[in-house]
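# Structural overview for review
The lines below spell out each chain.
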Amino acid sequence: MTHPRQTPRPARAGRTVLGAATVAMGLIAGVFYAFACAVMPALARADDRTYVAVMRDINDVIQNPVFFLSFLGALVLTAVSAWQLRGSAGGRWAGAALVAYTLAFLVTVAFSVPLNDVLAGGGTPASLREHFEGPWVAWNVVRTVLSTVALGCLARALLRMGAAAPAGGRRHPAPDAAAPSGPLPSDAPGRPRTSRQTPPSPR
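Right, let's walk through the structure included here. The model shown is predicted, which means the values in this text are computed figures rather than measured ones.

What counts and how
- Residues numbered from 1 in each chain as written.
- Predicted model: local features only at pLDDT ≥ 70, side-chain atom pairs only at ≥ 80, totals over all residues.
- Heavy atoms only, no water.
- Core = buried A, V, L, I, M, F, W, Y, C linked by side-chain atoms within 4.5 Å.
- Buried < 20%, exposed > 50% of the residue type's maximum accessible area, 1.4 Å probe, protein only.
- Helix = DSSP H or I, 4+ residues; strand = E, 2+ residues; numbered from the N terminus.
- Contact = heavy atoms within 4.5 Å.
- Lys, Arg positive; Asp, Glu negative; His and termini not counted.
- Salt bridge = Lys/Arg side-chain N within 4 Å of Asp/Glu carboxyl O.
- Axes fitted to C-alpha atoms, helices over the stretch in contact; angles between N-to-C directions.
- Left-handed = near helix turned anticlockwise from the far one by under 90°.
- Nonpolar A, V, L, I, M, F, W, Y, C, P; charged D, E, K, R; others polar.
- Phe/Tyr/Trp six-rings, centres within 6.5 Å; stacked < 30°, edge-to-face > 60°.
- Expected span 1.5 Å × (residues − 1).
- Bend = angle between axes of the 7 residues up to and from the residue.

## Observations concerning the nonpolar core
Grouped burial of nonpolar side chains is what soluble globular proteins tend to show. By size, the foremost hydrophobic cluster in this structure holds 23 residues, and its most contacted members are Met 25, Ile 28, Phe 71 and Tyr 101. Elements that contribute at least two residues to this core include exactly helix H1 (12-43), helix H3 (65-84), helix H4 (91-120) and helix H5 (125-164). If we skip the residues at most four places from it in the chain, Phe 71 touches Ile 28, Phe 32, Tyr 101, Phe 105 and Thr 108. In this structure, Leu 43, Val 52, Met 55 and Leu 119 belong to the second largest nonpolar core, which totals 11 residues.

Written out as structure tokens, the structure is:
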């Protein structure tokens, strides 16, 4: 008798971490996207003093536990998921997501944060804006694209994992090679033989 086999690695915990990484990545990609298509275009209409004051407030307020939960959580959860799913159906996609978001994370640390620090320093609003606005907007577009690519890769990994795991977490047993796949012939052993009598034709 063939027993159903349990679904191999990744297990349910691996899929849970992958789902959490996808949610965190979606949140942080949405933040970058909102800056790219709404916040910065709106601030571009403001005068220099208003622009600098609002951006300073944003850079100060955004440093809160909720933002860091998604900003750092997306990196940690994606790294853990890529390690858990190694060698599985979604492992390569999780690894690709990790590479893409690591680049976005480095862009933030190496370019966006130093520009924020410059804006918080001394100087006239016009000179601060001149050195800040163009580079910050450009690098934000880069990290928006990278984090969106990472989100797409994680979503693809989820799809692959869903396709690889049958309902109930079990695989259907393979058909027994010894069992016949087609209908039994009429004279096969174990099947009662039926005899048909042809009715006499009328004369």
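## A word on the side chain of Arg 143
Relative to the assigned elements, Arg 143 resides in helix H5. For the buried Arg 143, no salt bridge is present, and the opposite-charge side chain at shortest range is Asp 117, 12 Å distant.

## Considering the environment of Ala 163
Residue placement: Ala 163 occurs in helix H5. Of the residues examined, Ala 163 reaches a relative accessible area of 70% and is grouped as exposed. Residues Ala 163 and Gly 90 lie 73 residues apart in sequence; the distance between their C-alpha atoms is 9.9 Å.

## Details of the side chain of Ser 112
Tracing the chain through its elements places Ser 112 in helix H4. Overall, Ser 112 belongs to the buried group, its relative accessible area being 2%. When residues no more than four places from it in sequence are discounted, the contact partners of Ser 112 are Val 107, Trp 136, Trp 139 and Arg 143.

## Quick notes on the packing of H1 against H3
At a minimum axis separation of 8 Å, H1 and H3 run at an interaxial angle of 145 degrees. By crossing handedness, the relation of H1 to H3 is classed as left-handed. In this structure, H1 contributes Ala 13, Gly 14, Val 17, Leu 18, Ala 20, Ala 21, Ala 24, Met 25, Leu 27, Ile 28, Val 31 and Phe 32 to the contact, and H3 contributes Phe 67, Ser 70, Phe 71, Gly 73, Ala 74, Leu 77, Thr 78, Val 80, Ser 81 and Gln 84. Class assignment for the residues of the contact of H1 with H3 results in 16 nonpolar, 6 polar and no charged.

## Observations regarding the packing of aromatic side chains
One pass over the structure, following the stated rule, counts 7 aromatic pairs. Between Phe 67 and Phe 71, the aromatic rings sit 5.4 Å apart at their centres with planes inclined by 10 degrees, giving stacked as the arrangement. Highlighted residues: Phe 67 and Phe 71, both in helix H3, separated by 4 residues, approximately one helical turn. No difference in accessibility class separates Phe 67 from Phe 71, as the two residues are buried. Note on Phe 111 and Trp 139: the rings are 3.9 Å apart at their centroids and 10 degrees apart in plane angle, and the pair reads as stacked. Placement of Phe 111 in helix H4 and of Trp 139 in helix H5 is noted, with a sequence separation of 28 residues between them.

## A closer look at H4
Its 30 residues place the ends of H4 42 Å apart at the C-alpha level, agreeing with the 44 Å of an ideal helix rising 1.5 Å per residue. Residue Thr 108 marks the point of greatest curvature in H4, where the axis turns by about 35 degrees.

## What to know about the pattern of salt bridges
Under the defined criterion, the tally for this structure stands at 2 salt bridges. We note a salt bridge from Asp 48 to Arg 129, for which the minimum N-O separation is 3.1 Å. Of the two residues, Asp 48 is situated in helix H2 (residues 48-61) and Arg 129 in helix H5; the sequence distance between them amounts to 81 residues. The closest approach of N and O atoms between Arg 129 and Glu 133, which form a salt bridge, is 3.0 Å. Here Arg 129 and its partner Glu 133 are both found in helix H5, 4 residues apart, which amounts to about one turn of the helix. Arg 129 gets classed as buried once you look at its relative accessible area, which sits at 9%. Each of Asp 48, Arg 129 and Glu 133 takes part in one network of salt bridges that share partners.

Just distances and angles here, no functional claims.
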